[in-house]
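# Architecture at a glance
Each chain, letter by letter, is given below.
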Amino acid sequence: MATLDKWLHLLGGYPKTIIFPQMSLDGCNDWAGPLLVGSGELRLPDPSKFEYTLRGCPPDLANMMRWTRRAQENPYQTTAQFRLMGTDTSGIDWNLGWTRPEFQTIEGEEWLLTGQVDSMMKGEDVQDGDAISSVENIFEIPRSTAMGQVLARVLGTPPSQDNPGRRERVLDVLGTQIRFCYDPNSRQLAVSAPTSSAFFHPYAENALAQPLRIMFGQLVFPRLIARNFGQGRAMISLRRTPGFIRNESFAALLASSMPSIDGETENFWKLYTQILSYIVEARGSDDSPNFESNSVTRFHEELNQATRGTRWVLALTLASVVEGQTKMLVQPRERRDDVDEAAIASL
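Residues numbered from 1 in each chain as written. Predicted model: local features only at pLDDT ≥ 70, side-chain atom pairs only at ≥ 80, totals over all residues. Heavy atoms only, no water.

What follows concerns the overall build of the chain. For the chain, the count of helices and strands is 9 helices and 14 strands. Classification of the 347 residues of the chain by burial places 45% in the buried group. For the chain, the accessible area works out to roughly 18300 Å², and carbon and sulfur atoms hold 51% of it. (Helix = DSSP H or I, 4+ residues; strand = E, 2+ residues; numbered from the N terminus. Buried < 20%, exposed > 50% of the residue type's maximum accessible area, 1.4 Å probe, protein only. Areas by Shrake-Rupley, 256 points an atom, 1.4 Å probe, with all protein chains shown as cover.)

Next up, the structure:
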């Protein structure tokens with residue numbers, strides 16, 4: 001991948017720590033400026049967490065207290081909280097996202113704060129990204145999971161001599177060439193596509209992942225993303241991703257769609273193409289593409305989450321999903337006049 005090859009060091013090797021010689025806690029508005037300035041670290045115990053420690057001093061104590069009070073009075077308003085910013089040991093500036101820090105103590109003149117964030121993002125720097133407009137996603141897929149085993153089979157291009165573990169496939173979806181590469185040794189699935197009339201920013205990066213969540217019944221989200229705008233301008237982000245569950249087949253569409261090993265590969269890519277085409281062409285009530293998960297994708301996400309709870313929760317969620325999908329297929333106003341209501345009620 002043209003852009004993300006430079007950022008692969010951010011993946012794997014958990015637990016890991018990223019040092020920030022410069023770290024600051026900023027207000028929600030650019031004009032607020034840094035409210036607490038110092039240094040810190042970002043800890044990644046696993047792909048699902050970003051934990052930080054910040055040691056610093058407030059340039060203006062009264063201003064810091066005003067913003068703290070504002071955040072406490074609006075705990076459920078994200079934009080009323082703080083933004084964490086940092087410069088790593090390579091001199092790269094990162095936006096570490098929204099946070100609600102926890103005050104720990106004051107050591108001398110330094111405040112000690114801890115907290116969590118959801119991602120780390122690097123802005124649009126010239127000569128840092130690909131020359132063409134495109135999207136690049138990298139997923140961390142353990143080889144031991146059913147998803148990792150299936151990907152190793154359906155990505156059927158013979159491994160190259162340079163990289164014997166890497167397998168590739170190029171898929172045409174709505175006139176756009178989507179490239180898949182999976183390396184079981186590094187646990188990385190790379191999916192990339194140029195932007196087009198069907199795939200464009202900022203929707204493409206999320207759309208490419210949704211068929212995988214439906215097909216495998218897992219909360220599969222890209223871990224490392226490059227949004228290439230062309231001419232070297234790119235936005236890089238590392239996001240937290242949930243872990244895999246063991247009972248993954250329950251919420252997976254794939255099992256019933258691939259009855260035979262002989263036709264597994266073509267069935268897999270046909271199903272992925274059909275689902276992705278549906279998601280990309282779907283529109284919301286305002287006739288705009290969906291940035292968040294499609295309704296069908298959300299059903300599978302809910303089933304996945306329900307498998308982590310009790311059987312009662314799972315049964316209720318399954319009933320809700322069946323009802324929701326039925327209403328998507330047949331709207332209430334489409335019911336025929338000659339429907340036998342008594343027969344339906346007896347069920």
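In this model, the largest pocket occupies a volume close to 1000 Å³. Every residue lining the largest pocket is counted, 34 residues in all, and those nearest its centre are D118, S119, R239, R240 and E292. Contributions of two or more residues to the lining of the largest pocket are made by strand 5 (93-99), strand 8 (119-125), helix 3 (204-207), helix 4 (210-216), strand 14 (233-239) and helix 7 (295-306). Here the lining of the largest pocket gets 5 residues from one element, more than from any other, and that element is strand 5. (1 Å grid on protein atoms, 1.4 Å probe; cavity = no way out; pocket = protein on both sides within 12 Å on 5 of 7 lines; lining within 4 Å. Points joined across faces, edges and corners; volume = space filled by probe spheres on them.)

Our next topic: the pattern of salt bridges. Opposite charge on two side chains permits them to pair, given that their charged atoms come into close proximity. What the rule picks out here adds up to 10 salt bridges. Where R239 meets E205, a salt bridge forms, and the shortest distance between an N and an O atom there is 2.7 Å. Of this pair, R239 sits in strand 14 while E205 sits in helix 3, and the two are 34 residues apart along the sequence. Classification of R239 as partly exposed rests on a relative accessible area of 23%. Judged by relative accessible area, E205 falls into the buried class, the value being 1%. Here E323 makes a salt bridge to K327, at a shortest N to O gap of 3.3 Å. Remark: K327 and E323 occur in helix 8 (residues 311-329); sequence separation between them is 4 residues, near one turn of the helix. What makes E323 partly exposed here is its relative accessible area of 45%. What you see here is one network of salt bridges that share partners, running through E205, R227 and R239. (Salt bridge = Lys/Arg side-chain N within 4 Å of Asp/Glu carboxyl O.)

Under the 1.5 Å per step criterion, the end-to-end length of helix 7 is 17 Å for 12 residues, consistent within 8% with the ideal 16 Å. Every buried residue of helix 7 is listed here: V296, T297, F299, H300, E301, L303, N304 and A306. Close packing links the buried residues of helix 7 with helix 4, helix 6 (264-281) and helix 8. You can read the cap of helix 7 off the contacts: a side-chain oxygen lies 2.9 Å from the backbone nitrogen of V296, and it is on N294. (Expected span 1.5 Å × (residues − 1). Contact = heavy atoms within 4.5 Å. Polar contact = N/O pair within 3.5 Å; in protein donor to acceptor, adjacent residues only side chain to side chain.)

A few words on the nonpolar core. Formed by 37 residues in total, the largest nonpolar core has its most connected members in I178, L189, F199, L208, F268 and L276. Here this core gets 8 residues from one element, more than from any other, and that element is helix 6. The contacts of L189, once residues within four sequence positions are left out, are N137, I138, F139, I141, L151, L155, C181, Y182 and L212. Grouped together as the second largest cluster of nonpolar side chains are 36 residues, M23, Y52, W111 and A190 included. (Core = buried A, V, L, I, M, F, W, Y, C linked by side-chain atoms within 4.5 Å.)

Here we come to unusual backbone geometry. In this chain, Y14 is followed by P15 through a cis amide linkage whose omega measures -5°. Within the element layout of this structure, P15 appears in the segment before strand 1 (16-26). Between H201 and P202 the backbone carries a cis peptide bond, its omega angle lying at 0°. For P202, the position within the fold is in the loop between strand 12 (188-194) and helix 3. One non-glycine residue, R187, lies in positive phi territory at about 65°. In this fold, R187 is placed in the loop between strand 11 (176-183) and strand 12. According to the relative accessible area criterion, R187 is partly exposed, its value standing at 34%. With a phi angle near 65°, D287 is a residue other than glycine that sits in the positive phi range.

A cluster of nonpolar side chains, contributed by F250, L318 and V322, occupies part of the molecular surface with about 240 Å² of accessible area. By secondary structure assignment, the location of L318 is in helix 8. (Patch = residues over 30% accessible without salt bridge, like charges linked within 9 Å, V, L, I, M, F, W, Y side chains within 5 Å.)

In the contact formed by helix 7 and helix 8, the axes pass within 9 Å of each other and the chain directions differ by 170°. The angle between helix 7 and helix 8 places the two elements in the roughly antiparallel class. Of the residues in helix 8, those in contact with S295, V296, F299, H300, E302, L303 and A306 of helix 7 are V313, L314, T317, L318, V321, G324, Q325 and M328. (Axes fitted to C-alpha atoms, helices over the stretch in contact; angles between N-to-C directions. Parallel < 35°, antiparallel > 145°, perpendicular 65-115°, else oblique.)

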